[in-house]
Amino acid sequence: MTLITAVRLRRILDSRGNPTVEADVLTESGGFGRAAAPSGASTGEYEAIELPPSEAIASAREHAVPRLVGEVHAGNQREVDAALHAADGSEDFSEIGANSAVAISMAAAKAGADVLGAPLYQHLGGAFRGDNFPIPLGNVIGGGEHAKDATNIQEFLAAPVGAPSVAEAVFANAEVHAAAADILDERGVPAAKGDEGAWAPAVDDAEAFDIMEEAVERVADDRGFEIKFGLDMAAAELYEDGEYHYGDETKSVDEQIDYVAELVTDYDLAYVEDPLDENDYEAFAELTDRVGDQTLICGDDLFVTNVSRLQEGIDKGAGNSILIKPNQIGTLTDAFDAIELATEHGYKSVVSHRSGETEDTTIAHLAVATDAPFIKTGTVQGERTAKLNELIRIAEDAV
Ligand SMILES: O=C(O)[C@@H](CO)OP(=O)(O)O
Ligand SMILES: [Mg+2]
C-alpha cells in the first residue's frame, strides 16, 4: 500500500534566495510526503555532492524516478534509500546530486508516515523510541562564511542545558538572542544578521565571547535554569598552509589546540564544533584527550555524517560527538547509520540544519526519533523557527 506511484521534483527558493530541490512522493493508497534539500556555505571537503538544482532534478528524473515508481515502498526507508544509491551508482551522489537524493529520501519518509497516519518522528523512531528530547543549540552571534565583516568564529551558540522542557529551551535561546541585541546596543555596536539569523556585528572574537557570556548570564538569572554556550569554529575555513588565520593573526596547530582548550575552561563551554581542520584527526584526538571530559568536541566537516569517517575518528579517539546533516550524506538511512554507530561508541549526536534552509521540518523529527541529545537549528528567522516550533509541537504530541 505504500508502493510509490509518483515522484515529482521542482526547484524552490531556499532562505538565501538560491534555488534548491523539493520532492513530492505519492503512494498507492494516497500517502503524500513533501521535503526540500537544504544547502551549506561552509561545506566540508568530504560531503556528498550537491549539483546545480536543475541538473540534479534532470538526472534524478532520468535515473532515480524509474527505480522508485511502482518499484519500492515509501514505508520501507532502507529500500527507498538503497534504490537511490543504486540509481546514482557513485560513492558521493555525484550522479543524481545529494540534493535530489535527500529531498526524495525525506519526502518518502513523510509519505510512509502519512500512510500510517503517524507523525514522522514516530514512523522513524518506532513505538518504543526513548522519551528524551534534544536540547536546541541556538546561533546567537556569528560570522565566518555566514556573514561578512563579523567574527572569525562562525557560530556562538546558546546551550540551555538546564531547561526543564524543549519549549523552555527554545524560548530561552530566543531571549539570549534578544539579550545579545540589547548588549550590542548598550555598547553602540550596530549589527546586521548572518545567514542563520544570528547577529553579525563587526566585533572581534574576544568581544563576542564577552557579549555571549553576559547575554547567557542575564537570561539564566531571569529564567532560573542553567544556560551555557558553545561554538562552531568551522576551523577548516580558517586553516590554510598549516596555520589557522584569524584576520592578520595566525596560530600553529599546537597554538590552536591550546587556544581552544583555554576557551573551554575559561568560558565553561558546553560544546565546540570543528575546532580543527577537517583532515586533522590527530589534533582532534589531542584536544579531545585534553578537554573531552569537560565538553563536547563535535566533528562536522571532519565526519560529514559518514560512517567510514566516523569510524576512523572512533579508532583514533578524535572528538566525542558528531554533527548529523542528512544532506551531507544524501539519505536518511545513511544519517541513521551514522547516529547508530555514534551511539554505540558513546559519541553524542547533534542533528543539524544548514545555513541555507527551507521550511522543511524533517530534522526536528529525526532528532526526536533517534533520541539525539542535541539539535542545532538556529534561534530566530522563519526557516529556523519552523523546526523549533515543530519540536514544541512534537513534545506536546508525545506526552
Ligand atoms: O557549519 C555548520 O555547521 C552549518 C550549519 O550551521 O553551516 P553550513 O550549512 O554553512 O555548512
Ligand atoms: Mg559546522
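Residues numbered from 1 in each chain as written. Chains lettered and ligands numbered in written order. Predicted model: local features only at pLDDT ≥ 70, side-chain atom pairs only at ≥ 80, totals over all residues. Heavy atoms only, no water.

S.K.: Before we go on, may I ask you to explain helix H3 (residues 77-88) in this structure?
M.R.: Residues lying three or four places apart along an α-helix face the same way, a consequence of the helix completing one turn every 3.6 residues. Between the first and last C-alpha of H3 there are 17 Å, a value that for 12 residues agrees with the 16 Å anticipated at 1.5 Å per step. Among the residues of H3, those classed as buried are Gln-77, Val-80, Asp-81, Ala-83, Leu-84, Ala-87 and Asp-88. One face of H3 carries all of its buried residues, which in axial projection span an arc of 150 degrees. Looking at the packing, one finds that the buried side of H3 touches strand S1 (4-13), helix H1 (53-63), helix H2 (65-68), helix H4 (98-116) and helix H12 (332-344). Just downstream of H3 lies Gly-89, where phi reads positive at about 75 degrees. (Helix = DSSP H or I, 4+ residues; strand = E, 2+ residues; numbered from the N terminus. Expected span 1.5 Å × (residues − 1). Buried < 20%, exposed > 50% of the residue type's maximum accessible area, 1.4 Å probe, protein only. Arc of directions from axis to C-beta. Contact = heavy atoms within 4.5 Å.)

S.K.: I'm lost on the UniProt feature "domain: Enolase C-terminal TIM barrel" (unreviewed entry) in the chain in this one. Help?
M.R.: When the UniProt feature table is mapped to this numbering, "domain: Enolase C-terminal TIM barrel" (unreviewed entry) covers residues 130-398. Along residues 130-398 one finds 44% helix and 19% strand; the C-alpha atoms at either end are 11 Å apart. (UniProt positions renumbered as here; feature names shortened; annotations may be inferred.)

S.K.: Would you take a moment to explain the sheet that holds strand S11 (residues 249-251) for this structure?
M.R.: Two modes of strand pairing occur in sheets, parallel and antiparallel, and in both the strands are linked by backbone hydrogen bonds. One open sheet holds the three strands; their spatial order is S9-S10-S11, and the pairing between them is antiparallel. Bordering the open sheet on either side are strand S9 (239-240) and S11, each of which pairs with just one other strand. Relative to strand S10 (residues 243-246), S9 runs antiparallel, the two being bridged by two bridges. Residue pairing across strands places Tyr-239 opposite Tyr-244, the latter belonging to S10. Along the sheet, helix H8 (residues 253-267) contacts S9, S10 and S11; its crossing angle with S11, the most-contacted strand, is approximately 95 degrees. (Pairing = 2+ DSSP bridges. Axes fitted to C-alpha atoms, helices over the stretch in contact; angles between N-to-C directions.)

S.K.: Just to check I follow, could you spell out the coordination of the magnesium ion (ligand 2) for this structure?
M.R.: Reference values for angles at a metal are 109.5 degrees in the four-donor tetrahedral case and 90 or 180 degrees in the six-donor octahedral case. Looking at the magnesium ion (ligand 2), the protein donor atoms are Asp-232 (OD), Glu-273 (OE) and Asp-300 (OD), and they sit 2.0 to 2.2 Å from it. Between the donor residues of the magnesium ion (ligand 2), the gaps in sequence give the motif D-x40-E-x26-D. Separated by 41 residues along the polypeptide, Asp-232 in strand S8 (residues 228-232) and Glu-273 in strand S12 (residues 271-273) bring together distant segments of the chain. Taken individually, Asp-232 and Glu-273 each receive the classification buried, so the pair is uniform in this respect. (Donors = N, O, S within 2.8 Å, 3.2 Å for Na, K, Ca; no water.)

S.K.: Can you walk me through the sheet that holds S1 in this structure?
M.R.: As summarised here, the arrangement of the three strands in space is S1-S2-S3, forming an open sheet in which the pairing is antiparallel. At either end of the open sheet lies a strand with only one pairing partner, and these are S1 and strand S3 (32-36). Averaged over all pairs of adjacent strands, the angle between their axes in this sheet comes to 15 degrees, without regard to strand direction. Two elements, S1 and strand S2 (residues 19-27), share nine bridges in a ladder whose sense is antiparallel. Counterpart to Ile-4 in the pairing with S2 is Thr-27. Where H1 meets the sheet, it contacts S1 and S2, and its direction lies at approximately 170 degrees from that of S1. Its contacts with the sheet place H4 against S1, S2 and S3, and it is angled at close to 150 degrees to S3.

S.K.: What am I meant to see in the site of ligand 1 here?
M.R.: Surrounding ligand 1, one finds 16 residues, the nearest of these being Ala-41, Glu-155, Glu-196, Ser-355 and Lys-376. Contacts to ligand 1 include Ala-41, whose backbone N or O atom sits 2.7 Å from an oxygen atom. In this structure, Asp-300 approaches ligand 1 through a side-chain N or O atom, which is 3.0 Å from an oxygen atom. Counting residues domain by domain, the shell around ligand 1 receives three or more from each of domain 1 (4-117) and domain 2 (135-398). (Near = heavy atom within 4 Å. Polar contact = N/O pair within 3.5 Å; in protein donor to acceptor, adjacent residues only side chain to side chain. Domains from an automatic or database assignment.)

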